[in-house]
Amino acid sequence: MIETEFEFNLIKGYIDNDGNVHRTGVMRLSRAIDEIVPMRDPRVKSNPAYATVIILSRVITRLGALDDINPTVIENLFAVDLSYLQKFYRQINGLDENNEPL
């Protein structure tokens, strides 16, 4: 059976509105639709780099005790954690540095 979900640990962690830090999470393998849907989003049309935010919010299925992983959560990650998640995404999906969009 193919493994489709992978655990990760953020370096700094996401800090929610109550000051709780969320570091452990799960990312699933990406599907084609996960990279297609963001291209329709007006935020991506005005800033193509925003696709990363939307894609990560779609493929991260758990982050600490959070019930909803949405673009706002990803926007508020520390830069080091965003970079880590981009690399992790490439790694688990078998992508090299030349593949888009992350």
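Residues numbered from 1 in each chain as written. Predicted model: local features only at pLDDT ≥ 70, side-chain atom pairs only at ≥ 80, totals over all residues. Heavy atoms only, no water.

Engineer: Let's hear about the nonpolar core: which residues, and what values?
Structural biologist: Core analysis: the largest hydrophobic core is formed by 23 residues, its most contacted members being Phe8, Met27, Leu56, Ile60, Leu63, Ile74 and Leu85. Counting only elements with at least two residues in this core, the list comes to strand S1 (5-15), helix H3 (51-59), strand S3 (60-63), helix H4 (71-75) and helix H5 (79-92). Of all the elements, H3 adds the most residues to this core, at 6 residues. The contact partners of Ile60, leaving out residues within four places of it in the chain, are Phe8, Val26, Met27, Ile69, Ile74 and Leu85. (Core = buried A, V, L, I, M, F, W, Y, C linked by side-chain atoms within 4.5 Å. Buried < 20%, exposed > 50% of the residue type's maximum accessible area, 1.4 Å probe, protein only. Helix = DSSP H or I, 4+ residues; strand = E, 2+ residues; numbered from the N terminus. Contact = heavy atoms within 4.5 Å.)

Engineer: Which residues make up the pairing of strand S2 (residues 21-28), and what are the values?
Structural biologist: Sheet topology places S1 next to S2; 7 bridges connect them, and they run antiparallel. By the bridge assignment for S2, Ile15 is matched with Val21. Hairpin connection between S1 and S2: a loop of 5 residues separates the two successive antiparallel strands, and Gly19 in this loop has a positive phi of roughly 90°. Sheet analysis places S2 next to S3, joined by 3 bridges and oriented antiparallel. Within S3, the residue paired with Val26 across the bridge is Arg62. (Pairing = 2+ DSSP bridges.)

Engineer: Explain the environment of Arg31 to me, using residue names and the numbers behind them.
Structural biologist: If you trace the backbone, Arg31 turns up in the loop between S2 and helix H1 (32-36). Look at Arg31 and you get exposed, because its relative accessible area is 51%.

Engineer: Residues and numbers for H3, please.
Structural biologist: A large share of H3 lies buried, amounting to 8 of its 9 residues. Of the positions making up H3, those classed as buried are Ala51, Thr52, Val53, Ile54, Ile55, Leu56, Ser57 and Val59.

Engineer: Lay out the packing of aromatic side chains in plain terms, naming residues and giving numbers.
Structural biologist: Between two aromatic rings, the relevant description is the distance of the centres plus the angle of the planes. Tallied over the entire structure, the rule returns 2 aromatic pairs. Plain terms: the ring middles of Tyr84 and Phe88 are 5.9 Å apart, the flat faces sit at 15° to each other, and that makes the pair stacked. Remark: Phe88 and Tyr84 occur in helix H5; sequence separation between them is 4 residues, near one turn of the helix. For Phe88, a relative accessible area of 10% gives the class buried. Cluster of aromatic residues (ring-pair linked, three or more members): Phe8, Tyr84 and Phe88. (Phe/Tyr/Trp six-rings, centres within 6.5 Å; stacked < 30°, edge-to-face > 60°.)

Engineer: Explain the packing of H3 against H5 to me, and be specific about the residues and the numbers.
Structural biologist: For any two helices packed against each other, one specifies the inter-axial angle together with the distance between the axes. Close contact between H3 and H5 brings their axes to 11 Å; oriented N to C, the two are set at 70°. By the angle between their directions, the pair H3 and H5 is classed as roughly perpendicular. Crossing angle aside, the handedness with which H3 passes H5 is left-handed. Residues Thr52, Ile55, Leu56 and Val59 of H3 lie in contact with H5, whose contacting residues are Leu82, Leu85, Gln86 and Tyr89. Within the contact of H3 with H5, the residues separate by chemical class into 6 nonpolar, 2 polar and no charged. (Axes fitted to C-alpha atoms, helices over the stretch in contact; angles between N-to-C directions. Parallel < 35°, antiparallel > 145°, perpendicular 65-115°, else oblique. Left-handed = near helix turned anticlockwise from the far one by under 90°. Nonpolar A, V, L, I, M, F, W, Y, C, P; charged D, E, K, R; others polar.)

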